[in-house]
Amino acid sequence: MTERTFSIIKPDATERNLTGKINAVIEGAGLRIVAQRRIRMTEDQAKTFYEVHKERPFYGELVGQMTSAPVVVQVLEGENAVAKYREIMGATNPEQAAEGTIRKLFAKNVGENSVHGSDSQDNAKLEIAQFFTEDQIVG
Ligand code: CMP
């Protein structure tokens, strides 16, 4: 089934000029980038986005990291896009990520892990709606 997922190319990756290389992996896996914008995430946006993690010990560091440099927010579309993107991102912790995955190739550590991807279709819809209006997504 064709579906959409939400992606963020994180500060550790934009700082190292890895946007194009990450997009090449995404497109090589058959996912289409149907919306994309480079932004400086505000503290409010980062806090809202990661609200589910607000009781976790790494929350403050996470918000700090996500607002430290520009990010690229994206909508990806394709067959089983949520699961497919999670597969090509690899495990959250790059030390556990499979060969050839984005995090194995590029991530520095669990906090600076280069990309975010939605973990379910429901969250994908919510995350996309935080950053894009429907008319900005061109499938
Ligand atoms: P992400 O998919 O963006 O969702 C939550 C983020 O928290 C995760 O990727 C990691 O970058 C970050 N994070 C930082 N420390 C940890 C940790 N110990 N366990 C899980 N996630 C962490």
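This one's a predicted model, so the numbers in the text were calculated from it and none came from an experiment.

### Some remarks on the layout of surface pockets
As a volume, the largest pocket reaches approximately 790 Å³. Along the wall of the largest pocket there are 31 residues; nearest its centre are Y50, H53, F58, L62 and H116. At the level of secondary structure, the elements contributing two or more residues to the lining of the largest pocket comprise helix 3 (43-49), helix 4 (59-66), helix 5 (81-89), strand 4 (115-117) and helix 7 (121-131). In terms of residue class, the lining of the largest pocket is made up of 10 nonpolar, 12 polar and 9 charged.

### So, the pattern of salt bridges
Side chains carrying opposite charge are able to pair once their charged atoms draw close together. What the rule picks out here adds up to 5 salt bridges. Of the charged contacts in the structure, one is a salt bridge between R4 and E77, with a shortest N-O distance of 3.0 Å. Of the two residues, R4 is situated in strand 1 (residues 2-9) and E77 in strand 3 (residues 71-79); the sequence distance between them amounts to 73 residues. Take R4: its relative accessible area is 27%, and that puts it in the partly exposed class. For E77, a relative accessible area of 17% translates into the label buried. E43 serves as the salt-bridge partner of K47, at 3.0 Å between the closest nitrogen and oxygen. Highlighted residues: K47 and E43, both in helix 3, separated by 4 residues, approximately one helical turn.

### Some details on the site of the ligand
Residues in contact with the ligand, as listed here, are K10, Y50, H53, F58, L62, T92, R103, V110, G111, N113 and H116. In isolation the ligand exposes 450 Å². Once the protein is present, 76% of that is buried. Judged by the proximity of its atoms to the pocket grid, the ligand belongs to the largest pocket. For the shell around the ligand, the per-class residue count stands at 4 nonpolar, 5 polar and 2 charged.

What counts and what doesn't
- Residues numbered from 1 in each chain as written.
- Predicted model: local features only at pLDDT ≥ 70, side-chain atom pairs only at ≥ 80, totals over all residues.
- Heavy atoms only, no water.
- 1 Å grid on protein atoms, 1.4 Å probe; cavity = no way out; pocket = protein on both sides within 12 Å on 5 of 7 lines; lining within 4 Å.
- Points joined across faces, edges and corners; volume = space filled by probe spheres on them.
- Helix = DSSP H or I, 4+ residues; strand = E, 2+ residues; numbered from the N terminus.
- Nonpolar A, V, L, I, M, F, W, Y, C, P; charged D, E, K, R; others polar.
- Salt bridge = Lys/Arg side-chain N within 4 Å of Asp/Glu carboxyl O.
- Buried < 20%, exposed > 50% of the residue type's maximum accessible area, 1.4 Å probe, protein only.
- Near = heavy atom within 4 Å.
- Areas by Shrake-Rupley, 256 points an atom, 1.4 Å probe, with all protein chains shown as cover.
- Sits in = over half its atoms within 2 Å of the grid points.

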